Amino acid sequence: MEGSMNIVSLSLLLIFSLAQGGELTNPKCAKFQNNKGSNTLQVLHVNNPCSPFKQQNAPMSWVDTVLQMQSKDTTRLEFLASLVAGRSFVPIASGRQILQTPTYIVRAKIGTPPQTLMVALDNSNDVAWFPCTGCVGCSSSTVFAPVKSTTFKNVSCERAVCSLVPKRDCDAGTCTYNLTYGGSSISGSLSEDTLALATDPVPGYNFGCVLKSTGSSAPPQGLLGLGRGLLSFMSQSQSLYKSTFSYCLPSYKSPNFSGTLRLGPNGQPKRIKTTPLLRNPRRSSFYYVNLVGVKVGKRIVDIPASALTFNPSTGAGTIIDSGTVFTRLTEPAYTAVRNEFRRRMGRNTTVTSLGGFDTCYTVPVTIPTITLMFAGMNVTLPQDNFLIKSSSSSTSCLAMAASPADPVNSVLNIIANWQQQNHRFLFDVPNSRVGVAREACS
């Protein structure tokens, strides 16, 4: 199964970092420690003051911040290219950059008694894994302690779930794996324990317990995916949450950086625009939708139909991805959108570039909205969702880019988290639909 034990995954990847003592120590974070309900969790941006991943380095300039986000998106796209049925595990040399700085995180508990984890959201990945006590080469501050859990077990080679693990082996009857990527290798055992993201425990949750990590590209944390595969959180908690969840990602400009993750059909919005959820066997973990057009302002952009067409045999189409920061459109689609954007800004307006962004201005952008047109649903984005603006100068850039030219991603449109800010995205697998509604997540 695609992406089953893909250690470098980072779709709704929940990157695990154990908080020593099990709780956040900042008293101002008490609100975050208490989930909002039995099936609702608060979602924080990585740079929230309550996040253990908050960067402690000297503040970067706006330009450096933008370039860093673009660099991490590049490694993210390399990861997405690896999640194709039939492909081997593609080395991701710089994948650690993403894994060490996840974008959005929630609070989770694993084991009995529970050990508290801070986890990052990734909806294009299935696997869960994290470093365990005694791991050679793992960070001692980010390990899970199996000996402290009375419900921890290793999975035997005879178990059917072991067959879902690529590059598996058997060591004294225990299902094991040994994966390599970049300059690193990660090995360990397939294990199970009780996991809870909200108040409901999921007993016997299968994950990779990392016992050895070598090389500079191995991430010190772990991850948990909310994709569509058999090892994902939504599949393993299906009896509880019916393969249904939604999230609302806060604005990057929000001082609190907090949104919500809601699990299960209860409490989901009743009045919400929806579009059919599609399945692509070549990328079975992804949440595909049918993007049929784009408006810049009120004008529908002339995009070749082939640039947006869903094609299960090639992997072409459009996905909703929480791990990529900036939306990527296939080259013909992006060129058409960019050219219409520039035309609306006027021929006498100077266009500059910044890193991977090729449409930047130092004058106010006059285009009020960009609309993503899906089958049966339009999502109209305000400027905060399609511009990245400097806080220290007058520079603004169109926060989109063309998909990379590699054979896999060149046919893929990715609706990324910058464009998802302050919207609730509902993933309703049983009813084969994705819903979107404006919401002040922050």
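Quick note: structure is the one above.
What comes next is a walk through the structure. These figures come from a predicted structure and were not determined experimentally.

Each helix and strand counted, the protein has seven helices and 29 strands in total. Across the 442 residues of the protein, 60% fall into the buried class. The long-range share in the protein, meaning contacts at least 24 apart out of those at least 6 apart in sequence, stands at 72%.

Before going further, it helps to examine the sheet that holds strand β25 (residues 396-398). Read from one edge to the other, the open sheet built from four strands follows the order β20-β21-β25-β24, with strand pairing classed as antiparallel. Bordering the open sheet on either side are β20 (352-354) and β24 (387-389), each of which pairs with just one other strand. Taking each pair of neighbouring strands and ignoring which way they run, the sheet shows an average axis angle of 40°. Set on the sheet, helix α6 (residues 331-345) makes contact with β21 (357-361), β24 and β25; between it and β21 the angle comes to about 15°.

Looking along the chain, the bond that leaves T112 and enters P113 is cis, with omega of -5°. Structurally, the position occupied by P113 is in the loop between β3 (104-110) and β4 (115-120). Its identity as a non-glycine residue notwithstanding, A172 has a phi of 55°, on the positive side. In this fold, A172 is placed in the loop between β7 (168-171) and β8 (174-181). Judged by its relative accessible area of 81%, A172 is exposed. Positive phi is not limited to glycine here, since S243 has a value of about 55°. With respect to the helices and strands, the residue S243 is situated in the loop between α5 (238-241) and β12 (244-248). Given a relative accessible area of 14%, S243 falls into the buried group.

Attention shifts here to the side chain of T359. Its place among the elements puts T359 in strand β21. Within polar-contact distance, the side chain of T359 engages the side chain of R342 at 3.3 Å. Every residue in contact with T359, bar those within four places of it in the chain, is listed here: Y334, R338, F341, R342, V351, T352, S396, C397 and L398.

Let us now look at the sheet that holds strand β16 (residues 291-296). Pairing between the strands of a sheet is mediated by backbone hydrogen bonds and can be parallel or antiparallel. On the basis of which strands lie adjacent, the open sheet formed by four strands has the order β17-β16-β22-β23 and antiparallel pairing. Bordering the open sheet on either side are β17 (299-300) and β23 (377-381), each of which pairs with just one other strand. Sheet strands touched by α6: β16, β17 and β22 (370-374). Its angle to β16, the strand with the most contacts, is close to 15°.

Our focus in this paragraph is the nonpolar core. In terms of nonpolar packing, the biggest core is built from 77 residues, with F233, L261 and F341 touching the most fellow members. Beyond its immediate sequence surroundings of up to four residues, F341 is in contact with V296, T359, Y361, V365, I367, I370, F386, L387 and L398. In terms of nonpolar packing, the next biggest core, distinct from the first, is built from 18 residues, V143, V165, C175 and L190 among them.

The next thing to look at is the pattern of salt bridges. One pass over the structure, following the stated rule, counts six salt bridges. One salt bridge connects R343 with E340, and the closest N-O pair in it is separated by 2.8 Å. Separated by three residues within a single helix, R343 and E340 lie in helix α6, roughly one turn from each other. Between D428 and R433 there is a salt bridge whose closest N-O contact spans 2.8 Å. Given the relative accessible area of 28%, R433 is considered partly exposed. By sharing partners, the salt bridges in this structure join R299, E340 and R343 into a single network.

Let us now look at the packing of aromatic side chains. Two descriptors summarise a pair of aromatic rings, namely the distance from one centre to the other and the angle between the planes of the rings. Applying the stated criterion to the full structure yields 17 aromatic pairs. Plain terms: the ring middles of F245 and Y287 are 5.9 Å apart, the flat faces sit at 75° to each other, and that makes the pair edge-to-face. Of the two residues, F245 sits in strand β12 while Y287 sits in the loop between β14 (273-276) and β15 (288-289), which places them 42 residues apart along the sequence. The burial state of F245 is the same as that of Y287; both residues are buried. On the basis of an interplanar angle of 20° and a centroid distance of 4.8 Å, the ring pair of F245 and F427 is categorised as stacked. Here F245, found in strand β12, pairs with F427, found in strand β28 (residues 423-428); they are 182 residues apart in sequence, far enough to count as distant. Each member of the pair F245 and F427 is classed as buried.

All right, on to the state of the cysteines then. Evaluated as defined, the whole model comprises five disulfides. Between C162 and C175 runs a disulfide, and the two sulfur atoms are separated by 2.1 Å. Judged by the torsion about the S-S bond (85°), the C162/C175 disulfide is right-handed. Taken together, the residues C162 in the loop between β6 (153-154) and β7 and C175 in strand β8 connect sequence positions 13 residues apart. Taken individually, C162 and C175 each receive the classification buried, so the pair is uniform in this respect.

Structurally, I415 is set in strand β27 (residues 412-415). For the pair I415 and T327, spaced 88 residues apart in sequence, the C-alpha to C-alpha distance is 4.9 Å. Setting aside anything within four residues of it in sequence, one finds I415 in contact with T318, I319, I320, D321, T327, L372, F374 and Q420.

So, on to the pairing of β4. Where burial is concerned, most of β4 is hidden: six out of the six residues are buried. Residue alternation in β4 divides its side chains into two sets, Q115, L117 and V119 and T116, M118 and A120, and both sets are buried. Following β3, the chain reverses through four residues before pairing antiparallel with β4; G111 in that reversal takes a positive phi of roughly 95°.

As a further point, take the environment of D171. Residue position: D171 is located in strand β7. When the C-alpha atoms of D171 and C157 are compared, they prove to be 8.4 Å apart, with 14 residues separating the residues in sequence. Apart from residues lying up to four places away in sequence, D171 is in contact with C157 and T176.

Quick notes on the rules
- Residues numbered from 1 in each chain as written.
- Predicted model: local features only at pLDDT ≥ 70, side-chain atom pairs only at ≥ 80, totals over all residues.
- Heavy atoms only, no water.
- Helix = DSSP H or I, 4+ residues; strand = E, 2+ residues; numbered from the N terminus.
- Buried < 20%, exposed > 50% of the residue type's maximum accessible area, 1.4 Å probe, protein only.
- Contact = heavy atoms within 4.5 Å.
- Pairing = 2+ DSSP bridges.
- Axes fitted to C-alpha atoms, helices over the stretch in contact; angles between N-to-C directions.
- Polar contact = N/O pair within 3.5 Å; in protein donor to acceptor, adjacent residues only side chain to side chain.
- Core = buried A, V, L, I, M, F, W, Y, C linked by side-chain atoms within 4.5 Å.
- Salt bridge = Lys/Arg side-chain N within 4 Å of Asp/Glu carboxyl O.
- Phe/Tyr/Trp six-rings, centres within 6.5 Å; stacked < 30°, edge-to-face > 60°.
- Disulfide = S-S within 2.5 Å.

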